[in-house]
Every structure is written in structure tokens, then in C-alpha cells.
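Chain by chain, the residues:
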Amino acid sequence: MRAWSIEGNTQRLDGGAMFGNVPRAMWEQWLPPDATHRVPLACRALLVQLDDGRRVLFEAGIGAFFDPKMRARFGVMEERHVLLDSLATLGLTDADIDTVVLSHLHFDHAGGLLAAWQPEQSARLLFPNARFVVGRDHWQRAQSPHPRDRASFIPELNDLLATSGRLELVDLSPANAIGNPGALPAHTQALGTQVGFYESHGHTPGLMLSEIGGDGGIVYCADLIPGKAWVHLPVTMGYDRYPELIIDEKRHFLADKLRREVRLFFTHDPNIAHAALQRDSAGRYSTRDEQAILIDASLPQPKV
């Protein structure tokens, strides 16, 4: 298998929201804010070519679907659809992607499935040849969100996915929950054992984490661990539904990835696409061998 990091549109969000109860005196050293107290964030996808040649895109970033008013409100920095430009540098278009895997359906992870905003134009779904893979638990959340996170979803996108005929829901169980020390990956018929799925509930109910290659492979951390700073167990986001739960989930998740030498892939870190994990004598996790990009990397075949 081969893998590439794919950059999408970038955005800026309030630093206090991104770092929860971490004092500003600490977090501004990790990500310096601008004059309006916003910090820079990537919306990065992972492209994997399976051993049979199929191309799987893990998430699509925020994209450019917002109108100018909403783009300014949520700090999206570019008008164009950057993800499509990044695919083009590899000689690909959205039509060349066979599967899109979505950890969850918040707009900064799934908005890139839509075409860029144009005046008087309805939302249009890209990736015409792809199957869209989402966890069933989270799909149900997206259909009936809580008032606290309703604004994080795109109703038009949910409708387009539902009517596409290409939506595949993954049934995850407590056996696949990362809070379970003995968690086992779930698999889909389409992707086989090359991709294993785990479930998390701390950020949003039913968030699906994708591990590619098994031992020695790479895991798409999504919003469980948005970037380097959030590897430290106590650091959570103000956007997390259940902060104490996400800390417990990270404890089990990181111990497992360290033991099996699985690299962490970050969607929101503006400087680091992927890194190895380490733990000091006091039990504190941090990253090492930090890499800004992933270019045509070779991933292992998981042991069956």
C-alpha cells in the first residue's frame, strides 16, 4: 500500500475553543494566535492506494462550500477548493477516488465532499465514483443532532449522501470501542483487513477512527487527537461533547498505538502531518519523528 497526505482548505478558529480549559499562557506557545485570538488549523486528508490499486481518501476537509459570510465566520482562508488542487498535483481528480472514509460528518471533515460555493447554485456532491463510508452510530447522530452540535452538520450533505446510493454504514460495537483495553478493529467487505475501524464517543457520538496497515501502520486520529498538542492526555477541545471520556479514550488509544508502533496522522495540526509516538518515565505522551508531509510512503500489509 502507498500513502500521501493531501492538504485541504485551512481555517482559523478561536484558540480558547480549540484548547478547552488549557490556559492561554500555555496554548499560545503551541499555536500563536492572530489579532482576533484565532489559531491556524489544517484540514488534511490521507490518500491510500490499496494493494489492488483502489484509491481511498480518508476525509475531505472543510472544502469551499460556505458562502462568503459563513466562510468569514468560520475562518476559512481560501475561496478555491484546495483539496481538489492537491489531488491534481498527483494527477488525480475527485472522479479517481474509489472510496471516501469519513470519521464523522462535521463540516470541517466532510464539507470537502461538496463543490465550491457559487451564487444561486445548489449544493453538489463531488466524488462521483466513490463509496462513502461512515459509522452507523454517527450517521444516526447526524440525522438528529443535539442542539449543542447541530450547527456542525451540513443538512444538504446528509441528504445528498443518503440519496446517492453509495453510502455504506459501518456497524461498530463495544468490542471496537477504543475505551475498551482489548478493542478489536471492525472491517468492511469493501476494504477488507487493510483498514481497521475503531469507535470513539468523546468528541462526538460514533466518531470512527481508521487504522491502515495494522502494526507499524498509521492511524487517522481525526478529532480524537487533532494535532501534536492534543497528544498530551489532559488537553481537550471546547468542542468535545464529553471531555473526561475523551481523556480516558486517549489513554487506551495511545497505549495501544505506542505498543504496536502505529504512527499518528493529524488532520488539524498546521505543521505536522504525521509523527511517531513516545512516552517518558512519568507516563506523559509526546511525539517524535514529526513530518510535515507524507509522500508516496509505503504502508505494511496487516497480519491476519
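Residues numbered from 1 in each chain as written. Predicted model: local features only at pLDDT ≥ 70, side-chain atom pairs only at ≥ 80, totals over all residues. Heavy atoms only, no water.

1. Let's talk about the packing of helix H6 (residues 136–143) against helix H7 (residues 155–163)
Here is step 1 of the chain: Remark: H6 packs on H7, axes separated minimally by 10 Å, with the N-to-C direction vectors making an angle of 130 degrees. Classified by the angle their axes make, H6 and H7 are oblique. Considering how the two elements wind past one another, H6 and H7 form a crossing that is left-handed. Every residue of H7 that contacts H6 at Trp 139, Ala 142 and Gln 143 is listed here: Asn 158, Leu 161 and Ala 162.
Here is step 2 of the chain: When grouped by side-chain class, the residues that make up the contact of H6 with H7 number 4 nonpolar, 2 polar and no charged. (Axes fitted to C-alpha atoms, helices over the stretch in contact; angles between N-to-C directions. Helix = DSSP H or I, 4+ residues; strand = E, 2+ residues; numbered from the N terminus. Parallel < 35°, antiparallel > 145°, perpendicular 65-115°, else oblique. Left-handed = near helix turned anticlockwise from the far one by under 90°. Contact = heavy atoms within 4.5 Å. Nonpolar A, V, L, I, M, F, W, Y, C, P; charged D, E, K, R; others polar.)

2. Regarding the packing of aromatic side chains
Each aromatic ring pair is characterised by the separation of its centres together with the angle its planes make.
Here is step 1 of the chain: This model, assessed by the stated rule, comprises 8 aromatic pairs.
Here is step 2 of the chain: Judged by centre distance (5.8 Å) and plane angle (10 degrees), the ring pair of Phe 19 and Trp 27 falls under stacked. In terms of burial, Phe 19 and Trp 27 fall into one category: buried.
Here is step 3 of the chain: Look at Phe 66 and Phe 107: their rings are 5.2 Å apart centre to centre, the planes differ by 70 degrees, and that puts the pair in the edge-to-face class. In this pair, Phe 66 is assigned in the loop between strand E5 (55–58) and helix H3 (68–73) and Phe 107 in helix H5 (residues 107–110), connecting sequence segments 41 residues apart.
Here is step 4 of the chain: Relative accessible area serves as the criterion here: at 9%, Phe 66 is assigned to the buried category.
Here is step 5 of the chain: Through successive ring pairs, a cluster of aromatic residues spans Phe 19, Trp 27, Trp 30 and Trp 230. (Phe/Tyr/Trp six-rings, centres within 6.5 Å; stacked < 30°, edge-to-face > 60°. Buried < 20%, exposed > 50% of the residue type's maximum accessible area, 1.4 Å probe, protein only.)

3. Description of the sheet that holds strand E14 (residues 274–279)
Here is step 1 of the chain: Spatial strand order, E9-E10-E11-E12-E13-E14-E15: 7 strands in an open sheet with mixed pairing. If you trace the sheet from one side to the other, it starts and ends with strand E9 (186–188) and strand E15 (285–291), each paired once. In this sheet, neighbouring strand axes are inclined to one another by 35 degrees on average, regardless of whether the strands run parallel or antiparallel.
Here is step 2 of the chain: The sheet contact formed by strand E12 (residues 218–220) and strand E13 (residues 263–265) spans 3 bridges and is parallel. By the bridge assignment for E13, Val 219 is matched with Leu 264.
Here is step 3 of the chain: Sitting on the sheet, helix H8 (residues 243–259) touches strand E10 (192–200), strand E11 (207–212), E12, E13, E14 and E15, and the angle it makes with E14 is about 100 degrees. (Pairing = 2+ DSSP bridges.)

4. Digging into H6
Here is step 1 of the chain: Listed as buried for H6 are His 138, Trp 139, Arg 141 and Ala 142. The buried side chains of H6 occupy one side of the element, clustering within an arc of 160 degrees when seen end-on.
Here is step 2 of the chain: Looking at the packing, one finds that the buried side of H6 touches strand E7 (131–135), H7 and strand E8 (167–170). (Arc of directions from axis to C-beta.)

5. Side note on the side chain of His 203
Here is step 1 of the chain: Relative to the elements of secondary structure, His 203 occurs in the loop between E10 and E11.
Here is step 2 of the chain: On the basis of relative accessibility, which here comes to 2%, the residue His 203 falls in the buried class.
Here is step 3 of the chain: Here the side chain of His 203 touches His 106 through a polar contact of 3.5 Å, side chain to side chain.
Here is step 4 of the chain: Reaching out from His 203, the side chain makes a polar contact with the side chain of Asp 240 at a distance of 2.7 Å.
Here is step 5 of the chain: Non-local contacts of His 203, meaning those with residues more than four positions away in its chain, are made with His 104, His 106, Asp 223, Met 237, Tyr 239, Asp 240, Arg 241 and Ile 246. (Polar contact = N/O pair within 3.5 Å; in protein donor to acceptor, adjacent residues only side chain to side chain.)

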